[in-house]
Amino acid sequence: MRDAVIVDAVRTPIGKRNGALSGIHPVTLSAHVLKALAGRTGVEPGEIDDVVWGCVSQVGDQSGNIGRAAVLAAGWPESVPGTTVDRRCGSSQQAIHFAAAGVVAGHYDFVVAGGVESMSRVPMGSAARDGRPYPDEVLERYGVSRFNQGIGAEMMAERWALSRRQLDEYSARSHARAAAAVDSGALDGQLAPVPGAAPGTLRADEGIRRGSSVEKLAGLTAAFREDGVITAGNASQISDGAGALLITSGELARARGLRPIARVHTAVLAADDPVIMLTAPIEATAKALKKSGLRLADIGAFEVNEAFAPVPLAWQAETGAPGDRLNPLGGAIAVGHPLGGSGAVLMTRLVHHMKDQTLRFGLQAMCEAGGMANATILELL
């Protein structure tokens, strides 16, 4: 049976909303990482069977099948197709799942998976006409007027008895870890600096706030409830960015003299209550461990997307994962969450961290609107 291996993974530095990358078209950002990936691996673009690309707000600059548009903008042969996937925040992680499954099934020999989001140019929610993507029968089923991730985060904090101070402590730690990762050079090997950014080439994640502290974060007001605990400081940043991974089979990699980083060991999905919305990574992790036959202790690093601080904290409370293995390089609270690109960004961070630290297994999980989650276990090669 064929397997699916990640030959290489690359990402842009993540730009702040209306920051360094805001003047760059998301198709151009996508093309940038495609070209960087081809250059790093030496695989000819004409050999790529498909580009599976995650993107959430598929309107405006991100409409018209951005996966195919990225192929053309990269100057790749017209024979290379592309498609665009939307599983909300997990879109590019789902793109990786689809790509890996295609390789295992024999549909693909070489495939690129990744994604992009320019939230500066295409604001979150742009794709929903009048802001109501769900019809009355769905809203009436749950007794709500709309679904709101911020309210879901407040509900998580309440359910798991997470205080404002605990959330802010976690957020300050995310910034500190991200800054340490930059300073140590831990991220250098995964980045494709972006020329043409304002005011010049963007070489590092732009959103990190050095010196962030619980005391500073305590001064921020609640964003979703007057008496709430979720603020702009303990939620992910709105941002711009892209990432891409080259996936093939182990057999083809060996035949071509390629040295893959990791194998896609296990890939699962889960879904839960769409009102609280953000809890499904807990079940997805349990499913991934059960299907893989691995124990939590076997996993050397966990990337659990920091959409809001209660997400990784509740996940940790339920799984018992050690804090030093959870988001060891910081996360979206510190560097940003470019929606459709985040799954690929996180996996790029994870595979390079596993390689640098010689960690046999890593697990990634992401919460997604609608109460869904992807979870992926990687095995170092």
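An unreviewed UniProt entry lists the protein chain under the name Thiolase family protein, with Nonomuraea guangzhouensis as the source organism. Under Sequence similarities (unreviewed entry), UniProt gives the following word-for-word description of the protein chain: "Belongs to the thiolase-like superfamily. Thiolase family."

Chemist: For this particular structure, what's the right way to read the overall build of the protein chain?
Modeler: Helix and strand content of the protein chain: twelve helices and ten strands. Overall size of the protein chain, expressed as C-alpha extent along the three principal axes, is 60 × 45 × 45 Å. Taking all 381 residues of the protein chain together, 59% fall into the buried category. Considering only intrachain contacts with a sequence separation of at least 6, the fraction spanning at least 24 residues in the protein chain is 82%. When the accessible surface of the protein chain is totalled, it reaches about 14800 Å², and 49% of it is carbon and sulfur.

Chemist: Is there a simple way to think about the UniProt feature "domain: Thiolase C-terminal" (unreviewed entry) in the protein chain in this case?
Modeler: Mapped onto the present numbering, the UniProt feature "domain: Thiolase C-terminal" (unreviewed entry) falls at residues 259-379. What you have in residues 259-379 is 36% helix and 25% strand, and the ends, taken at the C-alpha atoms, are 14 Å apart.

Chemist: Which parts of the structure should I look at to understand the environment of Ser 292?
Modeler: Here Ser 292 is to be found in helix 9 (residues 280-292). Its relative accessible area of 15% is what places Ser 292 among the buried residues. Excluding residues that lie within four positions of it along the chain, Ser 292 makes contacts with His 265, Thr 266 and Ile 377. Side-chain polar atoms of Ser 292 contact the backbone oxygen of Leu 289, separated by 3.0 Å. A polar side-chain atom of Ser 292 sits 3.1 Å from the main-chain amide nitrogen of Leu 294.

Rules used throughout
- Sequence order sets the numbering: in each chain, residues are counted from 1 along the sequence as written.
- Two thresholds apply to this predicted model, a pLDDT of at least 70 for residue-level local features and 80 or more for giving and counting side-chain atom pairs, whereas whole-chain, interface and lining totals are computed over all residues.
- Side-chain descriptors were evaluated using all non-hydrogen atoms of the structure, hydrogens and water having been removed beforehand.
- UniProt positions are given in the numbering used here, feature names are shortened, and annotations may be inferred rather than shown by experiment.
- The helix and strand labels rest on DSSP assignments: H or I over at least four residues marks a helix, E over at least two residues marks a strand, and numbering proceeds from the N terminus.
- For every residue, the accessible area obtained with a 1.4 Å probe (protein chains only) is divided by the maximum for its type, and the residue is called buried under 20%, exposed over 50%, and partly exposed between those limits.
- Contacts are residue-level and defined by heavy atoms, with any inter-residue pair within 4.5 Å sufficient.
- Per-residue and other accessible areas follow the Shrake-Rupley method at a 1.4 Å probe size, with only the shown protein chains counted as cover for residues.
- Side-chain atoms alone can form a polar contact between residues adjacent in sequence; in general such a contact is a pair of N or O atoms within 3.5 Å, and within protein one must be able to donate a hydrogen while the other accepts it.

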